[in-house]
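# Structural overview for review
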Amino acid sequence: MKSAIVALQVRIAVALDLAQRQEQAEAGVPVSERGKGVGAQVALARRESPNRGSRLLGMAKALVMEMPRTLAALESGELNEWRATLLVKETACLSVEDRCAVDEELAADTGTFDGAGDQAIIAAAKAAAYRRDPRSVVKRASHAVSERTVSLRPAPDTMTYLTALLPVAQGVAVYAALTRRADSARSAGDPRNRGQVMADTLVERITGTPGGISGINLDLVMTDRTLFQGDAEPARVKGYGIVPAGWARKLVGAGGAGPVGGAGGAGREIPVVQDPSAGSDSGPPRNPELQVWVRRLYTAPATGDLLTTDSKARLFPPRLRRFIETRDDTCRTPYCDAPIRPIDHIVPWHAGGTTTLANGAGLCEACNHTKENPGWSANTRPGERHTLEIRTPTGHSYRSQAPPLPGHRPSRT
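Keep in mind the model is a prediction, meaning the values are calculated, not measured. (Residues numbered from 1 in each chain as written. Predicted model: local features only at pLDDT ≥ 70, side-chain atom pairs only at ≥ 80, totals over all residues. Heavy atoms only, no water.)

In terms of regular secondary structure, the protein chain is built from 14 helices and 14 strands. The burial tally for the protein chain puts 38% of its 413 residues in the buried class. A fraction of 55% describes how many contacts in the protein chain between residues 6 or more apart in sequence connect residues 24 or more apart. For the protein chain, the accessible surface area stands at approximately 23400 Å², while carbon and sulfur atoms represent 55% of it. (Helix = DSSP H or I, 4+ residues; strand = E, 2+ residues; numbered from the N terminus. Buried < 20%, exposed > 50% of the residue type's maximum accessible area, 1.4 Å probe, protein only. Contact = heavy atoms within 4.5 Å. Areas by Shrake-Rupley, 256 points an atom, 1.4 Å probe, with all protein chains shown as cover.)

Attention shifts here to the environment of Lys371. Along the polypeptide, Lys371 turns up in the loop between helix H14 (365-370) and strand E12 (377-381). What makes Lys371 buried here is its relative accessible area of 17%. Separated by 25 residues in sequence, Lys371 and Ile346 place their C-alpha atoms 9.5 Å apart. Beyond its immediate chain neighbours, meaning those up to four positions away, Lys371 contacts Asp344, His345, Ile346, Leu363 and Trp376. A polar side-chain atom of Lys371 sits 3.2 Å from a polar atom in the side chain of Asp344. (Polar contact = N/O pair within 3.5 Å; in protein donor to acceptor, adjacent residues only side chain to side chain.)

Our focus in this paragraph is the environment of Leu166. Looking at the element boundaries, Leu166 is found in the loop between strand E2 (159-165) and helix H9 (168-187). In the structure, Leu166 is positioned 19 residues away from Glu147 in sequence and 8.3 Å away in space, judged by C-alpha atoms. What Leu166 contacts, discounting residues up to four positions off in sequence, is Gly171 and Val174.

Let us look at the pattern of salt bridges. Enumeration according to the criterion identifies 24 salt bridges in this entry. With a closest N to O distance of 3.2 Å, Lys36 and Glu33 form a salt bridge. According to the relative accessible area criterion, Lys36 is partly exposed, its value standing at 38%. Here Glu33 falls in the partly exposed class, since its relative accessible area comes to 33%. Across the salt bridge formed by Arg52 and Glu48, the nearest N and O atoms sit 3.5 Å from each other. One salt-bridge network, held together by shared partners, links Asp17, Arg21 and Lys61. (Salt bridge = Lys/Arg side-chain N within 4 Å of Asp/Glu carboxyl O.)

Turning to the pairing of E2, a few remarks are in order. Inspection of the sheet shows strand E1 (residues 149-155) paired to E2 by seven bridges, in the antiparallel sense. By the bridge assignment, Thr149 is partnered in E2 with Leu165. The hairpin formed by E1 and E2 contains three residues between the paired strands, and Asp157 there has a positive phi angle of roughly 60 degrees. (Pairing = 2+ DSSP bridges.)

Let us now look at the pairing of strand E14 (residues 397-401). Taking every second residue as pointing to the same face, the buried face of E14 carries Tyr398 and Ser400, while none of Ser397, Arg399 and Gln401 on the other face is buried. In the sheet, strand E13 (residues 387-391) pairs with E14 via five bridges, with the strands oriented antiparallel. Across the sheet, the residue bridging to Ile390 is Tyr398, located in E14. Taking the residues between adjacent antiparallel strands as the criterion, E13 and E14 are bridged by five residues, where Gly395 takes a positive phi near 90 degrees.

With that out of the way, let us pick up the packing of helix H1 (residues 2-26) against helix H4 (residues 68-76). Where H1 meets H4, the closest approach of the two axes is 6 Å, and the angle between their N-to-C directions is 135 degrees. Taken together, the axes of H1 and H4 lie oblique to each other. Contacts between H1 and H4 involve Ser3, Ala4, Val6, Ala7, Val10 and Arg11 from the former and Leu71, Leu74 and Glu75 from the latter. Among the residues forming the contact of H1 with H4, the class breakdown is six nonpolar, one polar and two charged. (Axes fitted to C-alpha atoms, helices over the stretch in contact; angles between N-to-C directions. Parallel < 35°, antiparallel > 145°, perpendicular 65-115°, else oblique. Nonpolar A, V, L, I, M, F, W, Y, C, P; charged D, E, K, R; others polar.)

What follows covers the sheet that holds strand E3 (residues 220-221). Spatially, three strands are ordered E3-E4-E5 in an open sheet, and the strand pairing comes out antiparallel. Two strands bound the open sheet, and with one partner strand each, they are E3 and strand E5 (241-243). Bridge count between E3 and strand E4 (residues 235-237): two bridges; the pairing is antiparallel. Note that in E4 the partner of Val221 across the bridge is Arg236.

Looking now at the side chain of Asp98. Mapped onto the secondary structure, Asp98 falls in helix H6 (residues 96-106). The exposure class assigned to Asp98 is buried, which follows from its relative accessible area of 14%. In this view, Asp98 contacts Arg132 and Asp133; residues no more than four positions away in its chain are not counted.

Turning our attention to H6. Among all positions of H6, only Asp98, Arg99, Val102, Asp103 and Leu106 are buried. Buried residues of H6 fall within an arc of 145 degrees about the axis and therefore sit on the same side. Buried residues belonging to H6 abut helix H3 (50-66), H4, helix H5 (81-90) and helix H7 (118-132). Looking one or two places after H6, you find Ala107, whose phi comes out positive at around 40 degrees. (Arc of directions from axis to C-beta.)

Here's what the structure looks like:
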């Protein structure tokens, strides 16, 4: 039943795409621009990220238009969504005709993959694709080199996964170099285990310092009570998420921080120099050369929202941009947690929108482009925290609130 429902979602997604393209054609949208933003609408409707929404729409179009036998297997329950996705992915480099031929050859709805695991399905699809068009498969492998990248995502217990997608020769060479360093250190009596030495070596070689954070800007948001009074309210690291209060205090060396005096305005910075003698085995690495700056931002007592500031500039100035990045943390499109790239005018500048905290929102590159497509609009709405409402070309609306800051307490009615 679950597979059958997925197949129905596939058909609905393709129907939406065709309907949107027809409406855009009637509105005079150029052919090259038609269909843009449909993947983002699918994502919002399914409560997925925009990136996944685009991939779901691409899979749906491939199944409906080019792989009817795989779609039939999905509808009957012979395949689940993930294995249908694998078949689509492994034939993506083929022409429409060759992909249809592979779909017919494998004929998953006849029980071809009964009892087969993911790797068996991938192997069968790869072999069939190579038999149909070996040149395209080789070209795809060559193109993969251009997709090399490095990514970062949170892990439990204030850790992160740093991932590098590299050509096989480079990846093996990097791993071999780290392995040799670990083996050498261990043979010399280093008490760290092999994995720890490899990780520490990677950090030191990339950043140039053993601790890895000297001279690097880390935006750590916490309440004054957490920093100076030992409060247990968690803090937040930009680009990572929530971290324990004690860990945050140790990171900035709060033992060496003096009290905050005066009533300075938003954005004023107070130097706090880390105390190298106040180390702890459970905290983050300490570096006597690390200097910490505390930037005071003020929140409204009743709501906990950051107080507003204003600018007459068309582009968001650096301090206002940093203010919005601190408030929004990640892309403000619902279900999208990609890093913020541009600071966007919610009501566009050309439509009278102002360069203010209230009219600014942090978006990723993809969502920033999507909202410029015909039929999309955005406005702010009253709320306990900064609230953004997005309307899609189909008339559906979705709301996004800025994430709660450390110390925020929801109002009770």
